[in-house]
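Take a look at the letters that make up each chain.
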Amino acid sequence: MRDYLVKGCIFNIGLILITCSIYSGLKTDSFFENASTTKGRVVGFVSSERYIETSKYNSVEETVYSPVINFYTQYGEQIEFVSCCEFLSTSDVSNQVQVMYNPNDPEEAYMDRALCRTSNALGFGVMGFLLVIIGLYVLVNAGGLPNISQFITYKDKNNEKN
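Note that the coordinates shown come from a computational prediction; the quantities given were computed from them, not determined experimentally.

How each quantity is defined
Position numbers for residues count from 1 along each chain, tracking the sequence in the order it is written. Where local features are concerned, this predicted model is filtered to residues with pLDDT of at least 70; where side-chain atom pairs are given and counted, the filter is 80 or more; whole-chain, interface and lining totals use all residues. Side-chain numbers come from the whole structure's heavy atoms, not from hydrogens or water. Secondary structure is summarised from DSSP: a helix means a run of H or I of at least four residues, a strand means a run of E of at least two, and numbering begins at the N terminus for each. In this scheme, a residue with accessible area under 20% of its type's maximum is buried, one over 50% is exposed, and one in between is partly exposed, where area comes from a 1.4 Å probe on protein chains only. Any two residues having at least one pair of non-hydrogen atoms within 4.5 Å are treated as being in contact. Only the protein chains shown count as cover for residues, with accessible areas throughout obtained via the Shrake-Rupley method and a probe of 1.4 Å. Two N or O atoms count as a polar contact when they lie within 3.5 Å, although within protein this holds only if one can serve as hydrogen donor and the other as acceptor, and sequence-adjacent residues are included solely when both atoms are side-chain atoms. How sure the predictor is of each residue is captured by pLDDT, a score from 0 to 100. Only one rule defines a salt bridge in this text: a Lys or Arg side-chain nitrogen within 4 Å of an Asp or Glu carboxyl oxygen.

Draft legend 1. Inspection of the overall build of the chain at higher detail. Looking only at helices and strands, one finds 2 helices and 5 strands in the chain. In sequence order, the secondary structure elements of the chain are arranged as α-β-β-β-β-β-α. The buried share of the chain, taken over its 162 residues, is 27%. Taking as baseline every contact in the chain between residues at least 6 positions apart, the subset at least 24 positions apart corresponds to 62%. In the form shown here, the chain has an accessible surface area of approximately 11600 Å², with 55% of it arising from carbon and sulfur atoms.

Draft legend 2. Structural context of the environment of F11. As for its placement among the helices and strands, F11 is situated in helix α1 (residues 2-34). In this structure F11 touches L131, V132, G135 and L136, once residues within four positions along its chain are discounted.

Draft legend 3. Up close: the side chain of S83. Mapped onto the fold, S83 is located in the loop between β3 (78-82) and β4 (96-102). Judged by its relative accessible area of 4%, S83 is buried. Separated by 3.1 Å, the side chain of S83 and the backbone nitrogen of C85 make a polar contact. Not counting chain neighbours up to four residues away, the residues in contact with S83 comprise S66, P67, I69 and M111.

Draft legend 4. Structural view of the environment of G40. Residue position: G40 is located in strand β1 (residues 36-53). Overall, the relative accessible area of 3% leaves G40 in the buried class. With 28 residues separating them along the chain, G40 and V68 place their C-alpha atoms 9.8 Å apart.

Draft legend 5. Quick peek at the confidence of the model for the chain. Mean pLDDT over the chain: 79, with 79% of residues reaching 70 or higher. Within the chain, the element-level pLDDT minimum falls on helix α2 (residues 114-141), averaging 78, and the maximum on β3, averaging 93.

Draft legend 6. Up close: the pattern of salt bridges. Under the defined criterion, the tally for this structure stands at 1 salt bridge. With a shortest N-O distance of 3.0 Å, R50 and E62 are connected by a salt bridge. With a gap of 12 residues between them, R50 in strand β1 and E62 in strand β2 (residues 59-72) connect regions that are remote in the sequence. Judged by relative accessible area, R50 falls into the partly exposed class, the value being 34%.

In C-alpha cells form, the structure reads like this:
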C-alpha cells in the first residue's frame, strides 16, 4: 500500500497543478471580464537574465526585457507598472500598448497580450498534464495499479457461520 502512495505522489502533484491551472484560468478570465481598457505608453524596460539549458551540461544565458508601462486611469490617475511579459528584444514591443486594469485597484494592471493572459494557467496545465501522464506510467509499469480487493476485507459467505 505504501509503495503505491509514494508512486502516486507524482500523479497527485500533477492533479494539483491541473487544479491550479483551472483556478488561475478562471481568476484571469474574471479579471479580464471586469477590467477597464486604455492605451499605455512604454517608457522603459527592465532587463533580467535567464538561463536556457541547451544540453545536459550546457546552458545559454539570455537577456529578456519586461516593458515599463505608463497609463492614465479613467479618472486621470497616472499609473506606472512593469509588465510580466518578457521579450527577447526591446524592438519586439511597440511604443503604445493596450492596458487592462482593475478600476477598483488600478495598480493591478496587465499588458493586454494573449500570452500574458494565459501564461500561468498554461504553465500549470502543461506541467500538471505531464506529471499525470508520468505518474500513470510509473504506477502501471511498477507492478500495475493496485487491486482494490487487497485493501478491502470482507467475509466469505461460504465460510460464515450464523
